[in-house]
Amino acid sequence: AAELHTRGAPLRLRLSHLKDRRTGYITIYDRPEETTDSECSSDYATLHFPHQTVDELWIDGMLDVLPLSVAVDCLARWRGWLKPAGCLKIQTIDAQAAVARLASSDNPLMMREANRFLLGTEERPRRVLWTSETLGSLLASLALAVTKVQPLPDGTFVLIAKLDGPAPSTAHIEQLAKQLA
């Protein structure tokens, strides 16, 4: 990703499983087998950037598919990439909106797809269903303060957070991951 960044410009990363580009971001996909030479891909569980080098980090849909203990470890590591005035932006499916949409639908196809997402399948087990409150609570335990929550019409929400104090210790992060596993 370093060769895609213009020196002096803000470093804005987007980690996503969605194969679309967003202006102003270096998008890193989680599926190396599906990328071309002009795209970046990586395993998010092992991806590393230098400490305090990223101005904005947009996690787009990734928390929906990570097991909770892995999500905690990733969020703690990603937090370290942020510059002191950096911003973490997370877009994820809103569990409350998903359940409400399912409850109000009479479309069998939509209900089947919603059930597959909410309950999981053999190929892709259900991971975590987030609300802005549960995600905000997790971020607070990682010394990240939520500054904005914006529900979107597609049933997702965007949560924006900034650093809020020193990084938690490795022992704290390990304890948190164990509690949530």
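Attention in this report is confined to the structure presented alongside it. Predicted model only: the values in this text are computed from it and were never measured.

Let us now look at the overall build of the protein. Secondary structure assignment for the protein yields five helices and seven strands. Starting at the N terminus, the α and β elements of the protein follow one another as β-β-β-β-α-β-α-α-α-β-β-α. Looking at the protein as a whole, 40% of its 181 residues are labelled buried. Considering only intrachain contacts with a sequence separation of at least 6, the fraction spanning at least 24 residues in the protein is 62%. Within the structure as shown, the protein displays about 10000 Å² of accessible surface, and the carbon and sulfur contribution to it stands at 54%.

The phi angle at Gln 52 is positive, at roughly 55 degrees, despite the residue not being glycine. Examined against the element boundaries, Gln 52 turns out to sit in the loop between strand 3 (40–41) and strand 4 (54–60). In the Ramachandran plot, Ala 143 falls in the positive-phi region, its phi being about 60 degrees despite a non-glycine side chain. Within the secondary structure, Ala 143 sits in the loop between helix 4 (132–141) and strand 6 (144–151).

Summed over the entire model, instances satisfying the criterion amount to two aromatic pairs. Relative to Trp 81, the ring of Phe 49 has its centre 5.0 Å away and its plane inclined at 55 degrees; by these criteria the two rings are tilted. With Phe 49 in the loop between strand 3 and strand 4 and Trp 81 in helix 1 (residues 68–81), this residue pair connects regions lying 32 residues apart in the sequence. Taking relative accessible area as the criterion, Phe 49 reaches 19% and is therefore assigned buried. Looking at Trp 81, the relative accessible area reads 2%, which means it is buried. In this structure, Arg 12 packs its charged tip against the face of Tyr 25, placed 4.0 Å from the ring centre. The ring of Trp 58 carries Arg 14 above its face, with NZ or CZ at 5.1 Å from the centroid.

Following the criterion strictly, the structure yields three salt bridges and no others. Residue Asp 60 is joined to Arg 14 by a salt bridge in which the shortest nitrogen-to-oxygen separation is 2.8 Å. Of this pair, Asp 60 sits in strand 4 while Arg 14 sits in strand 1 (residues 12–16), and the two are 46 residues apart along the sequence. Residue classification places Asp 60 among the buried positions, given a relative accessible area of 3%.

Looking now at helix 4. An α-helical turn contains 3.6 residues, so any two residues separated by three or four positions project in the same direction. All of the buried residues along helix 4 are Leu 135, Gly 136, Leu 138 and Leu 139. The buried residues of helix 4 occupy an angular sector of 160 degrees when the element is viewed end-on, so they sit on one face. When the buried face of helix 4 is taken as reference, the exposed residues oriented beyond 90 degrees from it are Glu 133 and Ala 140. In the core, the buried residues of helix 4 are packed alongside helix 1, strand 5 (82–93), strand 6, strand 7 (156–163) and helix 5 (170–180). In the stretch just after helix 4, Ala 143 is the one whose phi turns positive, near 60 degrees.

Turning next to the pairing of strand 6. Two elements, strand 6 and strand 7, share seven bridges in a ladder whose sense is antiparallel. Within strand 7, the position partnered with Val 146 by the bridge is Ala 161. Where strand 6 folds back onto strand 7 in an antiparallel hairpin, the turn is made up of four residues, including Gly 155, whose phi is positive at roughly 85 degrees.

Cut-off values and rules
Residues numbered from 1 in each chain as written. Predicted model: local features only at pLDDT ≥ 70, side-chain atom pairs only at ≥ 80, totals over all residues. Heavy atoms only, no water. Helix = DSSP H or I, 4+ residues; strand = E, 2+ residues; numbered from the N terminus. Buried < 20%, exposed > 50% of the residue type's maximum accessible area, 1.4 Å probe, protein only. Contact = heavy atoms within 4.5 Å. Areas by Shrake-Rupley, 256 points an atom, 1.4 Å probe, with all protein chains shown as cover. Phe/Tyr/Trp six-rings, centres within 6.5 Å; stacked < 30°, edge-to-face > 60°. Lys NZ or Arg CZ within 6 Å of the ring centre and 35° of its normal. Salt bridge = Lys/Arg side-chain N within 4 Å of Asp/Glu carboxyl O. Arc of directions from axis to C-beta. Pairing = 2+ DSSP bridges.

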